[in-house]
Amino acid sequence: MIELYTAGTPNGKKASIMLEELGIPYTVHPIDFSKLEQKEEWYLKINPNGRIPAIVDKENGDFPVFESGAILIYLAEKYGKFLPKDPKERSIAIQWLMFQMGGVGPMQGQANHFVKFAPEKIPYAMNRYVDETKRLYSVLERRLKESEYLAGSELSIADIATWPWVKARSYIDLSLDDYPKLKVWEEKLGARPAFIKGSEVPKKS
């Protein structure tokens, strides 16, 4: 049994979509940001960084895993799915996972912040991060012109990690009209039952 500590953010949805795709039982523990639960001492023992998501693998001695990319790799290795075994193909999947972790997530996250949530509108910051998000989307577009999925011909943890962020582009009113391959990819993955169900975790009360 996997215990999932999460909230309804793109990073949180990575873990729940992965668990749904694997079809394994898991228990959801919603983390309430308004109460700063992610900073409470009990949670910092699971995730020292005080962020979501995190998991605890009850079948593996209550082993905790934090950082969304690390969670995806851990689950892929444990259950033998969504991460190729061939060394080169595995490396490609991890490269595109790291592209999301180090590029799409942080840059789009900053764009979201400065466009939607910053108390002061700073045009330089807004333009910088929105433009960088667009550049990263162009990299994804180029990749998807040559490959059905980010890591090749099959769904991988790279797709699972990237899709929730592309889906969340509405925060910065970013259209996919200039990225037709990315749009097809987003719609195709968004129609998968596990992506639909995983995106609804945690349930809104």
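Everything numeric in this text was worked out from a predicted model, so none of it was measured.

The rules behind these values
Residues numbered from 1 in each chain as written. Predicted model: local features only at pLDDT ≥ 70, side-chain atom pairs only at ≥ 80, totals over all residues. Heavy atoms only, no water. Pairing = 2+ DSSP bridges. Helix = DSSP H or I, 4+ residues; strand = E, 2+ residues; numbered from the N terminus. Core = buried A, V, L, I, M, F, W, Y, C linked by side-chain atoms within 4.5 Å. Buried < 20%, exposed > 50% of the residue type's maximum accessible area, 1.4 Å probe, protein only. Contact = heavy atoms within 4.5 Å. Axes fitted to C-alpha atoms, helices over the stretch in contact; angles between N-to-C directions. Parallel < 35°, antiparallel > 145°, perpendicular 65-115°, else oblique. Nonpolar A, V, L, I, M, F, W, Y, C, P; charged D, E, K, R; others polar.

### With respect to the pairing of strand β2 (residues 26–30)
Here five bridges tie strand β1 (residues 2–6) to β2, and the two strands are oriented parallel to one another. Residue pairing in the sheet places E3 in a bridge with T27 of β2.

### A look at the nonpolar core
Ranked by size, the top nonpolar core spans 55 residues in total, and within it M18, L75, Y137, L140, I157, L182 and W185 carry the most contacts. Counting residues per element, the ones that place at least two in this core are β1, α1 (10–22), α3 (68–79), α4 (87–117), α5 (123–146), α6 (157–167) and α7 (180–190). Here this core gets eight residues from one element, more than from any other, and that element is α4. With eight residues, the next largest nonpolar core counts A7, I31, I52 and V56 among its residues.

### Points about the environment of L19
Topologically, L19 is positioned in helix α1. Its relative accessible area of 0% is what places L19 among the buried residues. Separated by 146 residues in sequence, L19 and W165 have C-alpha atoms that sit 17 Å apart. Those residues in contact with L19 that lie beyond four places of it in its chain are I2, L4, I24, Y26 and L75.

### Some points on the packing of α1 against α3
At their nearest, the axes of α1 and α3 sit 9 Å apart, and the two run at 10 degrees to each other. Classified by the angle between their axes, α1 and α3 sit roughly parallel to one another. Contact with α1, carried on its side by N11, K14, A15, M18, L19 and L22, involves S68, I71, L72, L75, A76 and Y79 of α3 and no other residues of that element. Class assignment for the residues of the contact of α1 with α3 results in nine nonpolar, two polar and one charged.

In short, the description is geometric, and any link to function would need to be established separately.
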